[in-house]
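Residue strings, one per chain:
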Amino acid sequence: MRVTMHVDGAELAAEIDRPGESLLSTLRDRLGLTGAKNACEQGECGSCTVLLDGAPVCACLVATAQCEGREVKTVVGAVPRPVRDAFVQCGAVQCGFCTPGLLVSVADLLERDPDPGDADIREALAGNLCRCTGYEKIIDAVHTAAAALAGERP
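What you see is a predicted model, and the numbers here were worked out from it, not measured in a lab.

1. Some words on the pairing of strand β2 (residues 10–15)
For step 1, the next point in the chain: By the bridge criterion, six bridges tie strand β1 (residues 2–7) to β2 in an arrangement that is antiparallel. Paired with H6 across the bridge in β2 is E11.
For step 2, the next point in the chain: Taking the residues between adjacent antiparallel strands as the criterion, β1 and β2 are bridged by two residues, where D8 takes a positive phi near 50°.

Following this line, the structure appears as structure tokens:
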């Protein structure tokens, strides 16, 4: 089965063997796009978070066959530079395994709410597990990114 989708602005096609193949497997194994990480394969950790038609989803839970003609944004296409820079500046990146999913979730949050409070940040990141940082540096990074993005807006 051939599935064509728009990934990070490019139209890409993949041949899949079975209708239930996950979007995560297709992105990583067939298209060579390794930004989304494979950790739990159960939708519990958030490391594989991507945007599907603008909404955050765990790519391990989405069947590639459902993505025909749809828009997929990975950490490469979904995350503005100020968000990435804020994570580095605030020390919110440690082992890095959860980072792509967190970055996508933060980019989505800041698109919807340019100045979120701590409670809103915690809620938006509830589906992303990080075993290294304790989340405080991640929350700091979200505030730093929000301020940087606000400085870019007219």
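Don't stop here, the text continues.
2. Quick word on the pattern of salt bridges
For step 1, the next point in the chain: If you walk through the whole model with that rule in mind, you get seven salt bridges.
For step 2, the next point in the chain: For R2, the salt bridge identified is with E15, shortest N-O distance 3.4 Å. Highlighted residues: R2 in strand β1 and E15 in strand β2, separated in sequence by 13 residues.
For step 3, the next point in the chain: Residue classification places R2 among the exposed residues on the basis of a relative accessible area of 54%.
For step 4, the next point in the chain: On the accessibility criterion, E15 (43% relative accessible area) is partly exposed.
For step 5, the next point in the chain: R30 serves as the salt-bridge partner of E21, at 2.8 Å between the closest nitrogen and oxygen.

3. What about the layout of surface pockets?
For step 1, the next point in the chain: Considering only enclosed or pocket space, the largest pocket measures out at about 220 Å³ in volume.
For step 2, the next point in the chain: Along the wall of the largest pocket there are 13 residues; nearest its centre are L51, A78, A107, D108 and E111.
For step 3, the next point in the chain: Mapped onto the lining of the largest pocket, the elements with two or more residues apiece are β5 (71–73) and α4 (99–112).
For step 4, the next point in the chain: Take the lining of the largest pocket: its biggest share by element is four residues, from α4.
For step 5, the next point in the chain: Among the residues forming the lining of the largest pocket, the class breakdown is seven nonpolar, one polar and five charged.
For step 6, the next point in the chain: A volume near 170 Å³ is recorded for the second largest pocket.
For step 7, the next point in the chain: Looking at the second largest pocket, the residues that line it are G43, G46, T49, P56, V57, C58, S105, D108, R112, A124, G127 and N128.
For step 8, the next point in the chain: Considering only residue class, the lining of the second largest pocket consists of four nonpolar, six polar and two charged.

About the criteria used
- Residues numbered from 1 in each chain as written.
- Predicted model: local features only at pLDDT ≥ 70, side-chain atom pairs only at ≥ 80, totals over all residues.
- Heavy atoms only, no water.
- Pairing = 2+ DSSP bridges.
- Helix = DSSP H or I, 4+ residues; strand = E, 2+ residues; numbered from the N terminus.
- Salt bridge = Lys/Arg side-chain N within 4 Å of Asp/Glu carboxyl O.
- Buried < 20%, exposed > 50% of the residue type's maximum accessible area, 1.4 Å probe, protein only.
- 1 Å grid on protein atoms, 1.4 Å probe; cavity = no way out; pocket = protein on both sides within 12 Å on 5 of 7 lines; lining within 4 Å.
- Points joined across faces, edges and corners; volume = space filled by probe spheres on them.
- Nonpolar A, V, L, I, M, F, W, Y, C, P; charged D, E, K, R; others polar.

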